[in-house]
Each structure stands twice: as C-alpha cells, then as structure tokens.
Amino acid sequence: QRRVHGIINLEVKMNTGLFVGLNNGFIVQKPKENPRRLKPAFRKGRITKRTKMIRELTRELCGFTNYEKRMMEMIRIGTGAANKKALALVKKRLGSIKRARAKREELETLMQAMRHKDEPKEEPKEVPKKEEPQPAKQF
C-alpha cells in the first residue's frame, strides 16, 4: 500500500530503479519465505527434548525449592487470599508477574499429577466363571 495525499492507493507498483519519482528505488526481488523465521534467534525460548529431559531429571533429584514448597501449601489451602499471597510471594522471588503466573500454573499441574498418582486405582473385580454343563457321555 502506498499513501498519497491521505488516500490509500491499493495498487502497489514495483520500483522503477530511478532515484526520483513516485516509484523510485532500487529494484529488489522479495524473498519467498520470511527471512526472520530463518534466524536462530527465532527459536529462542523453545524447549527442546534434551532441555525438557534435563529439567525433569533435575526436578526429580533436587525436589522443590523453599518458595515453591510454600506456594504449594498456599495453593492447597485454596482460598482466594492464599492464592493471591502465593502469587505475590513468587512475584517477589522471580521478578515479574508473568513468570509468577507461569510458575503457579506449573506447580498446579504438578500437584494434580501427584494427586492422580497417589489415588488407588480400582482394579476390576474378577467375575467367577460359570461352569458350562458338559454334555452327557455317549457309550
């Protein structure tokens, strides 16, 4: 789009190669794919399989930090005030509300998983097999 005197001109004209005029500028071929997507920085923050495995292993070996334990206690209480206090505590430790919310979400999912693991699974009761009458023997 090109704006000419406040009116949007929907026709996009190619550059002419001249350095003067409305469509001035060097003639370039636009890339087919967005070049930003090709940069390594575009992958920043994505969790790889290796990173995920290492974090799980670390969590398993080291357990929870003190503030995480306190936060889990507050979440277990379940009142609104306790949740708010827990969020404030973690915000102070991690530095931003966005990180605090993510941590709360992470801990809630972990607690749910732990709860489901602790619940005894109901085993299906074995139904006694009915013995079928055997046909009479023929001599």
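Residues numbered from 1 in each chain as written. Predicted model: local features only at pLDDT ≥ 70, side-chain atom pairs only at ≥ 80, totals over all residues. Heavy atoms only, no water.

### Thoughts on the overall build of the chain
Thinking step 1. From N to C terminus, the chain includes five helices and two strands.
Thinking step 2. Listed N to C, the secondary structure of the chain is β-β-α-α-α-α-α in terms of helices and strands.
Thinking step 3. Taking all 139 residues of the chain together, 12% fall into the buried category.
Thinking step 4. Contacts in the chain between residues far apart in sequence, at least 24 positions, make up 30% of those at least 6 positions apart. (Helix = DSSP H or I, 4+ residues; strand = E, 2+ residues; numbered from the N terminus. Buried < 20%, exposed > 50% of the residue type's maximum accessible area, 1.4 Å probe, protein only. Contact = heavy atoms within 4.5 Å.)

### Describing the packing of helix α3 (residues 66–77) against helix α5 (residues 97–118)
Helix packing for two helices is described by the angle between their axes and how far apart those axes are.
Thinking step 1. Relative to each other, α3 and α5 sit at 70°, their axes nearing to 10 Å. The angle between the axes of α3 and α5 places the two elements in the roughly perpendicular class. Where α3 crosses over α5, the handedness of that crossing is right-handed. Mapping the contact onto sequence places Y67, E68, M71, M72, I75 and R76 in α3 and A100, K103, R104, L107, E108, M111 and M114 in α5. (Axes fitted to C-alpha atoms, helices over the stretch in contact; angles between N-to-C directions. Parallel < 35°, antiparallel > 145°, perpendicular 65-115°, else oblique. Left-handed = near helix turned anticlockwise from the far one by under 90°.)

### Structural notes on the nonpolar core
Thinking step 1. One finds Y67, M71, M72, M74, I75, A82, A86, L87, V90, A100, L107 and M111 forming the largest nonpolar core, which totals twelve residues.
Thinking step 2. Of all the secondary structure elements, the ones that give two or more residues to this core are α3, α4 (80–94) and α5.
Thinking step 3. Top element by residues in this core is α3. It accounts for five residues.
Thinking step 4. Aside from chain neighbours lying at most four places away, what touches M111 is M72, I75 and R76. (Core = buried A, V, L, I, M, F, W, Y, C linked by side-chain atoms within 4.5 Å.)

### Examining the pattern of salt bridges
Thinking step 1. Scanning all chains against the criterion turns up five salt bridges.
Thinking step 2. Among the salt bridges present, the one from E68 reaches R59, with a minimum N-O distance of 2.8 Å.
Thinking step 3. According to the relative accessible area criterion, R59 is partly exposed, its value standing at 24%.
Thinking step 4. In the salt-bridge network here, residues are joined through shared partners; they are R59, E68, K103 and E106. (Salt bridge = Lys/Arg side-chain N within 4 Å of Asp/Glu carboxyl O.)

### Some points on the environment of F42
Thinking step 1. Inspection of the secondary structure assignment puts F42 in the loop between α1 (35–38) and α2 (49–62).
Thinking step 2. Residue class for F42 comes out partly exposed when judged on its relative accessible area of 38%.
Thinking step 3. With near-sequence residues (within four places) excluded, F42 lies in contact with R36 and R37.

### Quick look at a nonpolar patch on the surface
Thinking step 1. On the surface, M53, I54, L57 and L61 cluster together into a nonpolar patch covering about 400 Å² of accessible area.
Thinking step 2. The class for I54 is partly exposed, based on a relative accessible area of 37%. (Patch = residues over 30% accessible without salt bridge, like charges linked within 9 Å, V, L, I, M, F, W, Y side chains within 5 Å. Areas by Shrake-Rupley, 256 points an atom, 1.4 Å probe, with all protein chains shown as cover.)

### A short note on α4
Thinking step 1. For α4, spanning 15 residues, the distance from its first C-alpha to its last is 21 Å, which sits close to the expected 21 Å at 1.5 Å a residue.
Thinking step 2. Listing the buried residues of α4 in full gives A82, A86, L87, L89 and V90. The arc that holds the buried residues of α4, viewed along the axis, is 160°, so those residues lie on one side. Across from the buried face of α4, at angles greater than 90 degrees, the exposed residues are G80, A81, K84, K85 and K92.
Thinking step 3. Tucked into the core, α4 has its buried residues touching α3 and α5. (Expected span 1.5 Å × (residues − 1). Arc of directions from axis to C-beta.)

Remember, this is a structural readout, not a statement about activity or role.
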